[in-house]
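Here's the letter readout for the chains.
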2 protein chains.
Amino acid sequence: MVDILHRVGVKATVAEVYTAITTVEGLAAWWTTQTVGEGNEIGGVLKFRFIPGGFDMSVVELVPGKRVLWEVIDGPEEWIGTHIVWDLTQVDEWAIVNFRHEGWKEEVEFMSHCSTKWAIYLMSLKTLVETGLGAPAPDDVMISNWH
Amino acid sequence: MVDILHRVGVKATVAEVYTAITTVEGLAAWWTTQTVGEGNEIGGVLKFRFIPGGFDMSVVELVPGKRVLWEVIDGPEEWIGTHIVWDLTQVDEWAIVNFRHEGWKEEVEFMSHCSTKWAIYLMSLKTLVETGLGAPAPDDVMISNWH
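Model, not experiment: these values are computed from the prediction.

## Quick word on the pairing of strand β3 (residues 45-50) of chain A
A regular strand places its side chains on the two faces of the sheet in alternate fashion.
All names here are of chain A.
Then step 1. Only one face of β3 is buried: it carries L46, F48 and F50, and the other face, with V45, K47 and R49, is open.
Then step 2. When β3 meets strand β4 (residues 53-63), the two strands line up antiparallel, connected through 6 bridges. Bridging across to β4, F50 finds its partner in G53.
Then step 3. Counting the residues in the hairpin turn of β3 and β4 gives 2 residues.

## What to know about unusual backbone geometry
Then step 1. Following A:A137, the chain continues into A:P138 via a peptide bond in cis, with omega recorded as 10°.
Then step 2. Here A:P138 is to be found in the segment after α3 (109-131).
Then step 3. With phi around 50°, A:D92 is a residue other than glycine that occupies positive phi space.
Then step 4. Within the secondary structure layout, A:D92 lies in the loop between β6 (83-91) and β7 (94-104).
Then step 5. Even without being a glycine, B:H147 presents a positive backbone phi close to 75°.

## Focus on helix α3 (residues 109-131) of chain B
Then step 1. Here α3(B) contains 23 residues, and its C-alpha end-to-end distance of 33 Å stays within 8% of the 33 Å for a straight helix at 1.5 Å per residue.
Then step 2. At the C-terminal side of α3(B), B:G132 shows a positive phi close to 90°.

## Examining the relation of the copies chain B and chain A
Then step 1. Screw-axis analysis of chain B against chain A gives a translation of 0.0 Å along the axis, an RMSD of 0.0 Å, and a rotation angle of 180°. Between the two chains, the operation in question is that of a two-fold axis. Of the C-alpha atoms belonging to chain B, the one lying closest to the rotation axis is found on B:A119, 3.2 Å away.
Then step 2. When the interface residues of chain B are mapped onto chain A, 100% of them are again interface residues, pointing to one common binding face.

## Some details on the pairing of strand β3 (residues 45-50) of chain B
Then step 1. Note that strand β2 (residues 34-37) of chain B and β3(B) share 4 bridges and pair antiparallel. Bridge pairing links B:Q34 to B:R49 in β3(B).

## Quick look at the sheet that holds β7(A)
Strand pairing within a sheet occurs via backbone hydrogen bonds; the two strands may be parallel or antiparallel.
Residues and elements named next belong to chain A.
Then step 1. Sheet architecture is open: 7 strands sit in the order β1-β7-β6-β5-β4-β3-β2, paired in antiparallel fashion. Of all the strands in the sheet, just β1 (2-11) and β2 (34-37) have a single pairing partner and so form its edges. Pairs of neighbouring strands in the sheet enclose a mean axial angle of 20°, with direction left out of account.
Then step 2. Across the sheet, helix α1 (residues 14-22) touches β1, β4, β5 (67-74), β6 and β7, and the angle it forms with β6 is around 160°.
Then step 3. Sheet strands in contact with α3 are β1, β3, β6 and β7, and its direction is about 15° off that of β1.

## Regarding the interface of chain B and chain A
It is common to report an interface's size as the accessible area lost on association of the parts.
Then step 1. Contacts between the two partners involve 28 residues from chain B and, on the opposite side, 28 residues from chain A.
Then step 2. Summed over both sides, the interface between chain B and chain A buries roughly 2400 Å², with carbon and sulfur atoms accounting for 54% of that surface.
Then step 3. In terms of surface lost to chain A, no three residues of chain B exceed B:L5, B:R7 and B:E107, which account for 27% of the buried area on that side.
Then step 4. Put simply, chain B and chain A have 4 salt bridges between them.
Then step 5. B:E109 is the partner of A:R7 in a salt bridge, and the nearest nitrogen-oxygen pair spans 2.9 Å.
Then step 6. Mapped onto the side of chain B that touches chain A, the elements with two or more residues apiece are β1 (2-11), β7 (94-104) and α3 of chain B.
Then step 7. Among the elements that make up the side of chain B that touches chain A, the one with the highest residue count is α3(B) (10 residues).
Then step 8. Partitioned by chemical class, the residues of the side of chain B that touches chain A number 13 nonpolar, 9 polar and 6 charged.

About the cut-offs
- Residues numbered from 1 in each chain as written.
- Chains lettered and ligands numbered in written order.
- Predicted model: local features only at pLDDT ≥ 70, side-chain atom pairs only at ≥ 80, totals over all residues.
- Heavy atoms only, no water.
- Buried < 20%, exposed > 50% of the residue type's maximum accessible area, 1.4 Å probe, protein only.
- Helix = DSSP H or I, 4+ residues; strand = E, 2+ residues; numbered from the N terminus.
- Pairing = 2+ DSSP bridges.
- Expected span 1.5 Å × (residues − 1).
- Least-squares fit on C-alpha atoms with pLDDT ≥ 70 in both.
- Contact = heavy atoms within 4.5 Å.
- Axes fitted to C-alpha atoms, helices over the stretch in contact; angles between N-to-C directions.
- Buried area = accessible area lost by both parts, 1.4 Å probe.
- Salt bridge = Lys/Arg side-chain N within 4 Å of Asp/Glu carboxyl O.
- Nonpolar A, V, L, I, M, F, W, Y, C, P; charged D, E, K, R; others polar.

By themselves, these figures tell us nothing about what the structure is for.
Here's what the structure looks like:
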């Protein structure tokens, strides 16, 4: 099992970041405009869609201002069963986001693509919370021929 | 052992990307302006400096247009002995960069930071090669309280 790890700091409170990752309005404003479902309830399902397809996540853990954990229940084969973990900590004026997309079966090229793409989306989350304007799909930053 | 993986596509030739990762002029224009040494010779040493410190790399493998491999010989304790591997492939008009920073002892928070930061620098490399203008340190994109 291998993992994608990232860490960003958002000049905001952990409560603001928590809202941006547990509400459809928040998620749609930094990840993909095509987001529907329920992110603020254990067992809720979030559906994220992009031009080539998408991901369905089941909300497994919710600790307000501290932790969110999703399990991928539908999407590309490599994603199914993996976990996405958000750990939040307030350090002075910074909300520190420790992000993990864990449980990949192997280090395939698609995993490398997703790793870079997660960094881009985390920067979109940071910008959204700090300025009010993120860069969600379909207007996200293109990184390669795989979008 | 755990690894940082990334994948970006640069609208250019692999030869152009290879130049940007094997010459001091190229490296200084996307990673850090404070770069000295020899990147285009096996056994050459590259010294990269940032405000808080830096990294020394020994050039271990060089296959023009295809592969570059560095071993970290000095820098933060977590980096020493790790390898940085650049695999390049031309896919139509895209130079695909498969990047690995491999051999981390454990998944520490500093590794998460470096993972996100590598994504930012790879986007700087992409922009440099595509437009002539990168964003190297000290004018790189800040991602958190750790810079």
